[in-house]
Amino acid sequence: VDREGREKLLDLAEELDCMVLEDAAYQSLRYDGDPVPPILALELARKGELEDCRTVYCGSFSKTLSPGLRVGWVVAASPVIQQLVLMKQAADLHSATINQMAIHKVAKACFDTHVDRIRDAYKARRDAMLAALARHMPDGVEWTRPEGGMFIWLTLPRGMDAGDLLARAIEEKNLAFVPGRAFHADGTGENTLRLAFSCADGAMIEDGMSRLGALLRGI
Ligand SMILES: Cc1ncc(COP(=O)(O)O)c(C=O)c1O
């Protein structure tokens, strides 16, 4: 969501008097384009005090340091934080202290340099996947060019079902992706799918996109 869209979202939240839950898990993973301020930062600029803000900002170390340690953070007005503490206590008392200590130590020692490294690596993988898609996808398939994150969104020709395609991809090509329907609240999106570029190297990406292209061509 661009800056204008974020401002509009804040206007709407004011009008409807509702909370904004900002899921910023991928905020550090921007490869190009201009950084957009978090919604919470835009609201803070309007109101001056965190205590007056309705936005609940959720950050995560899962995409930058380690998903397995299960450590993230929330920035919000103190009444919200107090309620979240109660909910967390009811759910599992607290996140493992040793995990929090490990994240704290690593984050203090080298968070920025580490994030710079993974940003460079993921950018190269994104570019490799974009180039491989251009080489291997048949006419009628479209895809996004994300400025950040870990995924490219593919749109297949209308009438195709990515769920059916996944079954064939696994069976015939030993290839998997995430069908897009689950990401659509209105039940549409059956001809869309999500490709992850972050966990594969250039050769694997080339091989995977070549297999996907061959499967699509054969349909
Ligand atoms: C958009 C988004 N938000 C949040 C998360 C989850 O983060 P965490 O591991 O901190 O629960 C993910 C992970 O897949 C994600 O894709």
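The structure displayed is predicted, hence computed values, not measured ones. (Residues numbered from 1 in each chain as written. Predicted model: local features only at pLDDT ≥ 70, side-chain atom pairs only at ≥ 80, totals over all residues. Heavy atoms only, no water.)

Thoughts on the site of the ligand
Operational definition: Residues are labelled near a given molecule or strand when at least one of their non-hydrogen atoms is within 4 Å of it. Here a polar contact means two N or O atoms within 3.5 Å. Within protein one must be a hydrogen donor candidate and the other an acceptor candidate, and residues neighboring in sequence count only if both atoms are side-chain atoms. Here the accessible surface of atoms and residues is derived via Shrake-Rupley with a 1.4 Å probe, and residues count as covered only by protein chains that are part of the display. Residue polarity is assigned by list, with Asp, Glu, Lys and Arg as charged and Ala, Val, Leu, Ile, Met, Phe, Trp, Tyr, Cys and Pro as nonpolar; anything else, Gly included, falls into the polar class.
In the region of the ligand, the neighbouring residues are Asp23, Ala25, Tyr26, Ser60, Ser62, Lys63 and Arg70. A distance of 2.7 Å is found between a nitrogen atom of the ligand and a side-chain nitrogen or oxygen belonging to Asp23. The separation between an oxygen atom of the ligand and a polar side-chain atom of Lys63 is 2.6 Å. Alone, the ligand offers 400 Å² of accessible surface; in the complex the protein occludes 57% of this. Of the residues contributing to the shell around the ligand, the split by class is two nonpolar, two polar and three charged.

Topic: the sheet that holds strand β6 (residues 178–179)
In plain terms, the rule: Any two strands with at least two DSSP bridges between them are considered paired. Where helices and strands are cited, they refer to DSSP runs of H or I of at least four residues and of E of at least two residues respectively, numbered from the N terminus. Here, two residues are considered to be in contact whenever any of their heavy atoms come within 4.5 Å of each other. Between the N-to-C directions of two axes lies an angle of 0 to 180 degrees, each axis being a line fitted to C-alpha atoms and, for a helix, fitted only over the stretch in contact.
On the basis of which strands lie adjacent, the open sheet formed by four strands has the order β4-β5-β7-β6 and antiparallel pairing. Single-partner strands in this sheet number two, and they are β4 (142–143) and β6. Alignment of β6 against strand β7 (residues 192–196), held across two bridges, turns out to be antiparallel. Bridge pairing in β7 places Val178 opposite Arg194. Taken strand by strand, helix α4 (residues 97–136) contacts β4, β5 (151–155) and β7, and its axis lies near 20° from that of β5.

Notes on the packing of helix α1 (residues 3–16) against helix α2 (residues 39–47)
This is how the line gets drawn: Working rule for handedness: look at the near helix, and if it is turned counterclockwise from the far one by less than a right angle, call the crossing left-handed; if clockwise, right-handed.
Axis separation between α1 and α2 bottoms out at 10 Å; the angle between their running directions is 65°. In the packing of α1 onto α2, the handedness of the crossing is right-handed. Between α1, through Arg3, Arg6, Glu7, Leu10, Asp11 and Glu14, and α2, the contact on the second element is made entirely by Ile39, Leu42, Glu43, Arg46 and Lys47. Taken together, the residues of the contact of α1 with α2 break down into three nonpolar, no polar and eight charged.

Some points on the pairing of strand β1 (residues 20–23)
Going by this rule: Three labels apply to residues, based on accessible area from a 1.4 Å probe with only protein chains included: buried if under 20% of the type maximum, exposed if over 50%, partly exposed otherwise in between. Crossovers are described as right-handed under a simple rule: with the strands pointing away from the observer, the path leading from the first strand over the helix to the second runs clockwise.
Burial along β1 is one-sided: Val20 and Glu22 are buried, while Leu21 and Asp23, pointing the other way, are not. In terms of strand pairing, β1 meets strand β2 (residues 55–60) through four bridges, oriented parallel. Paired with Val20 across the bridge in β2 is Thr55. Between the parallel pair β1 and β2, the chain is carried across by α2, and the sense of this crossover is right-handed.

Some details on the pattern of salt bridges
Convention followed: By salt bridge we mean one thing: a side-chain nitrogen of Lys or Arg within 4 Å of a carboxyl oxygen of Asp or Glu.
Inspection of every chain in the model, using the stated rule, returns 19 salt bridges. Lys8 is the salt-bridge partner of Glu4, the closest N and O atoms lying 3.8 Å from each other. Taken as a pair, Glu4 and Lys8 lie in helix α1 at a separation of four residues, close to a single helical turn. Put simply, Arg6 and Glu22 hold a salt bridge, and the shortest N to O gap is 3.9 Å. A residue pair is termed long-range when its members are at least 10 positions apart, and Arg6 in helix α1 and Glu22 in strand β1 qualify at 16 residues. What makes Arg6 buried here is its relative accessible area of 17%. Assessed through its relative accessible area of 6%, Glu22 is described here as buried.

Focus on the sheet that holds β1
Spatially, β1-β2-β3 is the arrangement adopted by the three strands of the open sheet, whose pairing is mixed. The open sheet is flanked by β1 and β3 (72–75), the only strands paired with a single partner. Put simply, the sheet's adjacent strands are angled 15° from each other on average, direction ignored.

Some points on the packing of α4 against helix α6 (residues 202–217)
Heads up, the rule is: Any angle between 65 and 115 degrees counts as roughly perpendicular, while under 35 counts as roughly parallel, over 145 as roughly antiparallel, and the rest as oblique.
Closest axis-to-axis distance for the α4/α6 pair is 9 Å, and the angle between their directions is 30°. Classified by the angle their axes make, α4 and α6 are roughly parallel. Our pair here, α4 against α6, has a crossing hand that is right-handed. Contact with α4, carried on its side by Arg125, Ala128, Met129, Ala132, Leu133, Arg135 and His136, involves Ile205, Glu206, Met209, Ser210, Gly213 and Arg217 of α6 and no other residues of that element.

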